[in-house]
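Fold and geometry: a report
This is what each chain is made of:
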Amino acid sequence: SLAAKRANLTIKTNLVVERVDFNGFFASGVWIRTKDGKNSLIKGKNIILSGGTVGSSQILELSGIGCADRLNKLGIKCIVDRPQVGENVQDHYQSPIVVNVSHLDSLNDYVRPLAMLGQIVRYYLKKDGLLAFNATQVGAFVKTSTNLDYPDLQILFAPAALDPAAHPRKLDIN
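Residues numbered from 1 in each chain as written. Predicted model: local features only at pLDDT ≥ 70, side-chain atom pairs only at ≥ 80, totals over all residues. Heavy atoms only, no water.

With that settled, consider the nonpolar core. Grouped burial of nonpolar side chains is what soluble globular proteins tend to show. Grouped together as the largest cluster of nonpolar side chains are five residues: Val 17, Val 20, Val 30, Ile 32 and Ile 59. Among the secondary structure elements, those contributing two or more residues to this core are strand S1 (15–23) and strand S2 (26–34). If we ignore the near neighbours within four places in the chain, the residues touching Ile 32 are Leu 15, Val 16, Val 17, Glu 18, Lys 38, Asn 39, Ser 40 and Ile 42. (Core = buried A, V, L, I, M, F, W, Y, C linked by side-chain atoms within 4.5 Å. Buried < 20%, exposed > 50% of the residue type's maximum accessible area, 1.4 Å probe, protein only. Helix = DSSP H or I, 4+ residues; strand = E, 2+ residues; numbered from the N terminus. Contact = heavy atoms within 4.5 Å.)

So this is what it looks like as structure tokens:
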């Protein structure tokens, strides 16, 4: 991308953020660990750190920002007592099951360029067709245990799917 080519920008990937380093209440650097296990401190005037839904809370807590009682029990010096950090974190993990259909038309057949042009015209004229569909057609909220008061699992059915090879999902834990 254009932003990645900027002279004042360095993008680091495939590493683990250990914690944020602070000078008083200001972030001054980020401690990282590379795949070969080497630790180093990255310093900069401006650091943008993206840890995702779960990772951002974890990085804050490892850095001393979170519930003081929890951090002290873990042997982490509390810099800022914020009990809300890491609470009510919810993520949307997916386990897609993709089935190839042969000898039948599927919705995937209508997303090819020429077919999609036809769907655009159809929607414009009739307000129906592929572009009038929701992304998922069936959904359910279920409890994974009878001991729960509320459902904790959502199941969705979509009549079309992304090509898993073109959109890989990896969980890389080192």
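Now, onward.
A few words on helix H1 (residues 52–62). Buried within H1 we find Gly 55, Ser 57, Ile 59 and Glu 61. On the buried face of H1, the contacting elements are S1, strand S4 (65–66) and helix H2 (68–73). In the stretch just after H1, Gly 64 is the one whose phi turns positive, near 100 degrees.

The next point concerns the pairing of strand S6 (residues 138–142). The buried fraction of S6 is low, at zero of five residues. With five bridges connecting them, S6 and strand S7 (residues 153–157) associate as antiparallel partners. For Val 142, the partnering residue across the bridge sits in S7 and is Leu 153. (Pairing = 2+ DSSP bridges.)

A few words now on the environment of Gly 86. Note on placement: Gly 86 falls in the loop between strand S5 (80–81) and helix H3 (113–126). With 18 residues separating them along the chain, Gly 86 and Leu 104 place their C-alpha atoms 47 Å apart. The contacts of Gly 86, once residues within four sequence positions are left out, are Ser 57 and Glu 61.

Take the sheet that holds strand S3 (residues 39–43) next. Spatial strand order, S1-S2-S3: three strands in an open sheet with antiparallel pairing. This sheet does not close on itself; its edge strands, each paired only once, are S1 and S3. Strand after strand, the sheet turns through a mean of 30 degrees between neighbouring axes, direction not considered. Examined bridge by bridge, S2 and S3 share five bridges and lie antiparallel to one another. From the neighbouring strand, Ile 32 faces S3, where its bridge partner is Ser 40. (Axes fitted to C-alpha atoms, helices over the stretch in contact; angles between N-to-C directions.)

To continue, consider the packing of aromatic side chains. Going through the model one piece at a time under the given rule, you end up with zero aromatic pairs. Seen from the ring of Tyr 123, Lys 127 lies directly overhead, with NZ or CZ sitting 5.4 Å from the centre. (Phe/Tyr/Trp six-rings, centres within 6.5 Å; stacked < 30°, edge-to-face > 60°. Lys NZ or Arg CZ within 6 Å of the ring centre and 35° of its normal.)

With that settled, consider H3. Across its 14 residues, H3 extends 20 Å between first and last C-alpha, which sits within 8% of the 20 Å expected from 1.5 Å per residue. Phi for Lys 127, located one or two positions after H3, is positive at around 60 degrees. (Expected span 1.5 Å × (residues − 1).)

In this section: the side chain of Gln 119. Structurally, Gln 119 is set in helix H3. Classification of Gln 119 by relative accessible area gives buried; the value is 8%. Contact partners of Gln 119, with chain neighbours within four places excluded, come to Tyr 110, Gly 129, Leu 130 and Leu 131.

On inspection of all chains with the given rule, the structure shows zero disulfides. With no disulfide of its own, Cys 67 lies closest to Cys 78 among cysteine sulfurs, the gap being 8.1 Å. Judged by relative accessible area, Cys 67 falls into the buried class, the value being 19%. Taking the relative accessible area as the measure of exposure, Cys 78 reaches 22% and is therefore partly exposed. (Disulfide = S-S within 2.5 Å.)

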